[in-house]
Amino acid sequence: MSRPEPRAEPAAPAGPVRAAGGRGRAEPGPPARRPGPLWSLGLFRSELSVTFRRLRTLVLLAVLAGIPPLIGIAVRAETGDGGTAGGGGGEGPAFIGQITHNGLFLVFAALAATLPFFLPMTVGVVAGDSIAGEAGAGTLRYLLVAPAGRFRLLLAKFTAVLAFCLAATLTVALSALATGALLFPLGEVTLLSGTAVPLHEGLSRALAIAVAVAASLAGLAALGLFVSTLTDSGVAAMAATVGLLIAVQIVGAIPQLDAVHPYLFTHHWMSFADLLRDPVHWDGLLGNLALQGVYAAVFGSAAWARFTGRDMTV
């Protein structure tokens, strides 16, 4: 979908504008306009609108929404004779064993199934195209002449990518909740620690898990934004970001490289399962947030340095 070109506001003259008294003495022009908070908020709203109105974004969200029904139908077909799918409670695919007893577990199983690849792949596509796509389409030059400045523009781009992370995660969670309610019973939730909690508390924990999964993608979002500042080709930036994701996943799966595993942004991704314990185990969750914050700070700073130090208007 083509993006409308934003209106360029002429910059105020910084040098002399006219002579005084006919002697050639110049009087300074009016001071340059500074963007206010409302302008910056409008920039963020514009980025959100552009991101979520693109056909590619809608297709990615539709694909994510279709994964939980596939899992639910497969479990329903496997357990049609009264059997139980999978194993007992635990992390990752083991959540599937609880779906037949409580459809809410389809939310946890779907997030565990999509987090290793599908969710981060969609984030990599959106983040990689955020700057490079604008440069390749020729619209970046119009954004840079607006009074917001490059820092605010980059911040708006990153915030829009983070909003997509949350939207993608909630899309999976809501689709899984609707499918689980249609195909399986809902009721008390038995946590991994064996404690039974009411359904409303289980729903609250499911929402907290969705937010935790979205936060787990912040480091990848910053990495994709940095890669996007390195090229004017959106396709190249998207491919490079997804390629880096696959490389990190491969490194994380090699036992001989376990010394570097704690430093990979994927290391604590499955820590969201600790929200299904009573009491909640916070070490992995807080470690994940800290690691994502480090990646966001490092690659966000690198993106800012690259974006402000390079002529990207052409």
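The structure we're discussing is the one just above.
On a plain count of helices and strands, the chain comes out with 11 helices and 4 strands. Taken over 314 residues, the chain has a buried fraction of 42%. When contacts within the chain are restricted to residue pairs at least 6 apart in sequence, those whose partners lie at least 24 apart make up 74%.

One pass over the structure, following the stated rule, counts 2 cavities of 30 Å³ or more. Of the pockets and cavities examined, the largest cavity occupies roughly 80 Å³. For the largest cavity, the lining is made up of 12 residues, of which Glu 47, Thr 51, Arg 54, Ser 130 and Lys 157 are closest to its centre. Every element with two or more residues in the lining of the largest cavity is listed here: helix H1 (37–53), helix H5 (118–137) and helix H7 (150–183). Here the residues of the lining of the largest cavity sort into 4 nonpolar, 2 polar and 6 charged.

It is worth spelling out the packing of aromatic side chains at this point. In the structure shown here, the tally under the stated rule is 7 aromatic pairs. Taken together, a centroid distance of 6.3 Å and an interplanar angle of 40° make the contact between Phe 52 and Phe 164 tilted. Residue Phe 52 is located in helix H1, and its partner Phe 164 is located in helix H7; the two are separated by 112 residues in the primary sequence. Ring geometry for Phe 226 and Phe 299: centres 6.0 Å apart, planes at 50°, overall tilted. A residue pair is termed long-range when its members are at least 10 positions apart, and Phe 226 in helix H9 (residues 218–228) and Phe 299 in helix H11 (residues 282–309) qualify at 73 residues. For Phe 299, a relative accessible area of 21% translates into the label partly exposed. Each residue in the set Phe 226, Phe 265, Trp 269, Tyr 295 and Phe 299 is aromatic and connected to the rest through ring pairs, giving one cluster.

This paragraph deals with the nonpolar core. Membership of the largest hydrophobic core comes to 71 residues, with the highest contact counts inside it found for Phe 95 and Phe 108. Mapped by element, the contributors of at least two residues to this core are helix H2 (55–78), helix H4 (105–114), H5, H7, helix H8 (199–216), H9, helix H10 (234–252) and H11. It is H7 that contributes the most residues to this core, 11 residues altogether.

What follows is about unusual backbone geometry. A cis amide bond links Asp 278 to the next residue, Pro 279, at an omega of 5°. Inspection of the secondary structure assignment puts Pro 279 in the loop between H10 and H11.

Definitions and limits used
Residues numbered from 1 in each chain as written. Predicted model: local features only at pLDDT ≥ 70, side-chain atom pairs only at ≥ 80, totals over all residues. Heavy atoms only, no water. Helix = DSSP H or I, 4+ residues; strand = E, 2+ residues; numbered from the N terminus. Buried < 20%, exposed > 50% of the residue type's maximum accessible area, 1.4 Å probe, protein only. Contact = heavy atoms within 4.5 Å. 1 Å grid on protein atoms, 1.4 Å probe; cavity = no way out; pocket = protein on both sides within 12 Å on 5 of 7 lines; lining within 4 Å. Points joined across faces, edges and corners; volume = space filled by probe spheres on them. Nonpolar A, V, L, I, M, F, W, Y, C, P; charged D, E, K, R; others polar. Phe/Tyr/Trp six-rings, centres within 6.5 Å; stacked < 30°, edge-to-face > 60°. Core = buried A, V, L, I, M, F, W, Y, C linked by side-chain atoms within 4.5 Å.

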